[in-house]
Amino acid sequence: MLNHDTAAARGEPDRGESDRAAANRAAADASPIHAALAAELGADVVTRADDIEPRFFTAYNEAPGARPLALARPRSVDDVSRALALCARRGQPVVPQGGLTGLARGGVALGGEVVLSMERFAGIESLDAAAATITVRAGTPLQVVQEAADAAGFTFGVDLGARGSCQIGGALATNAGGTRAIRYGMMREQVLGLEAVLADGTVVSSMNRMLKNNAGYDLKQLFIGSEGTLGVITRAVLRLHPKLAPPATALCRVADYDAVLRLWERVRAVPDVVSFEAMWPAFYRYVARHTPEVVAPFAGDDGFAVLIEFATSAPGGDAAHTLEACLAGCFDAGLVDDAALATSERQARDMWTLREGLAIDALPHLVNFDVSLPTGVLGAFAERCEAALRARWPDVVSLFFGHVGDGNVHIGVSLADMDDACEAAIDRTVYAVVEDMGGSISAEHGIGVLKRPYLGCTRGAAEIDLMRRLKAALDPRQILNPGKVL
């Protein structure tokens, strides 16, 4: 005789099944982490330690670091959620990872972590022309977004030299800037909606597509710039802008930083300006001599080189004519000593190659800095910083260049001989000047590992305490990207 008075008939769980599920979960949680993840997500998603390629534990321009315990490459938001939930139960540290193009080691394993690479969760989900938005997955390379926007008649507002390899999730997690910030702002300004997975596996999906939405806290701002320490970004709704016509590019030579400032005052009044980049004399001399594939427009001397790019979205607009007219006025005002207007895409690319300065990577023991100060004091900062470095290391090479229009300067510091103690002393020397002048130790590459000891140079004690309280609230077991930022 059938017994209808069962737990299932009463709508209650089958305790035997529940017990078996609990036992299976306990067994999985007791197994090695790569095996537990493989059982949860599938063997095709998880790679055990011995089989992980070095690219997943190698920082930009460095030798391989600590090999992770396992590598997970999720193909869905559910994969991310289940991976984090499992790791949270075990107290297993996780390093979210994008394209690994940052310069602060924010996406690199330090030892004993699982790497969660978003490279497989890539692609464009939709493009809404009426709303001028594009919905993308975190692992999508920046260049793919740019090309999709262009094909649809739009422009995406952020551009970086690493556009082909950096991923949208990583660019959001570090609030990347780039060369168009003076026109469109940084990554933070490009985001309308965001989805992220918390440390315990909870999916927080706020995929807003409206420009105006003041319904409570703007939760996406918790994750943008948090470097994967508060949650793992999985998808985003990004703003698009009217399509730009091909840009006009010029390289100018000016006498000194005061002339750079006066030139910027003129250029920023023109709506077509997209980029305003400056190269200090020593930097320009070095890249002009050590970039053999490029013929520099003028020889390196004691002047500054300034790269200017104009682009317009106005129908019938002519950015080249506008730029030429602007430069003519600057010549008449005595602000510019020499200038070269690119007449081909190749010439424009050569000018940008000089500015990107990849040639300096060949310098011995190069230490890179990415700092920001008000534009008006960057000249004084460079003088003070170089003087402080030379007072301690007379033979130091210090090269300054960057996005002067938005106050961001990069510094390359090189010594023939350098150990870890020396590198730390160089860090302290540079950041002491930044702190004294009220600047930021990180303009666009985040804090990561390298800048963590110096966060107090830029943030006050109350700010850091609030950051720690947010971290404790969202990640109480401290499993997300440990050892980074705080």
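As the structure is a prediction and not an experimental result, all values here were calculated from the model.

Asker: Please explain helix 4 (residues 142-151) as it appears in this structure.
Answerer: The α-helix advances 3.6 residues per turn, and as a result positions three or four apart in sequence lie on the same side. For helix 4, the set of buried residues is Leu142, Val145, Gln146 and Ala149. Projected down its long axis, helix 4 shows its buried positions confined to an angular sector of 100°, all on one face. Residue Gly153 follows helix 4 closely and has a positive phi angle near 90°.

Asker: Even after reading the chapter, I still don't get unusual backbone geometry, so can you show me in this structure?
Answerer: Among all residues save glycine, negative phi is the norm, and among peptide bonds the norm is trans. Notably, Ala132 is not glycine yet its phi reads approximately 55°, a positive angle. Examined against the element boundaries, Ala132 turns out to sit in the loop between strand 5 (124-128) and strand 6 (133-137). One non-glycine residue, Asn481, lies in positive phi territory at about 45°. Relative to the elements of secondary structure, Asn481 occurs in the segment after helix 14 (461-474).

Asker: How should I be thinking about the pattern of salt bridges in this particular structure?
Answerer: For side chains bearing opposite charge, pairing can occur when the charged atoms are close. Evaluation of the coordinates by the stated rule reveals 27 salt bridges. Residues Asp44 and Arg75 are paired through a salt bridge, measuring 2.8 Å at the closest nitrogen-oxygen approach. Here Asp44, found in the loop between helix 2 (33-41) and strand 1 (46-48), pairs with Arg75, found in the loop between strand 2 (70-72) and helix 3 (77-90); they are 31 residues apart in sequence, far enough to count as distant. Between Asp150 and Lys243 there is a salt bridge; the shortest N-O distance is 3.4 Å.

Asker: Would you mind going over the layout of surface pockets with me for this structure?
Answerer: Empty pockets left among the atoms are what a rolling probe the size of a water molecule brings to light. Estimates place the volume of the second largest pocket at around 930 Å³. Those elements that place two or more of their residues in the lining of the second largest pocket are helix 7 (220-223) and helix 14. Here the element with the most residues in the lining of the second largest pocket is helix 14; it accounts for five residues. Partitioning the lining of the second largest pocket into residue classes produces 15 nonpolar, 15 polar and eight charged.

Reading guide: rules and limits
Residues numbered from 1 in each chain as written. Predicted model: local features only at pLDDT ≥ 70, side-chain atom pairs only at ≥ 80, totals over all residues. Heavy atoms only, no water. Buried < 20%, exposed > 50% of the residue type's maximum accessible area, 1.4 Å probe, protein only. Helix = DSSP H or I, 4+ residues; strand = E, 2+ residues; numbered from the N terminus. Arc of directions from axis to C-beta. Salt bridge = Lys/Arg side-chain N within 4 Å of Asp/Glu carboxyl O. 1 Å grid on protein atoms, 1.4 Å probe; cavity = no way out; pocket = protein on both sides within 12 Å on 5 of 7 lines; lining within 4 Å. Points joined across faces, edges and corners; volume = space filled by probe spheres on them. Nonpolar A, V, L, I, M, F, W, Y, C, P; charged D, E, K, R; others polar.

Purely geometric numbers; function is a separate question.
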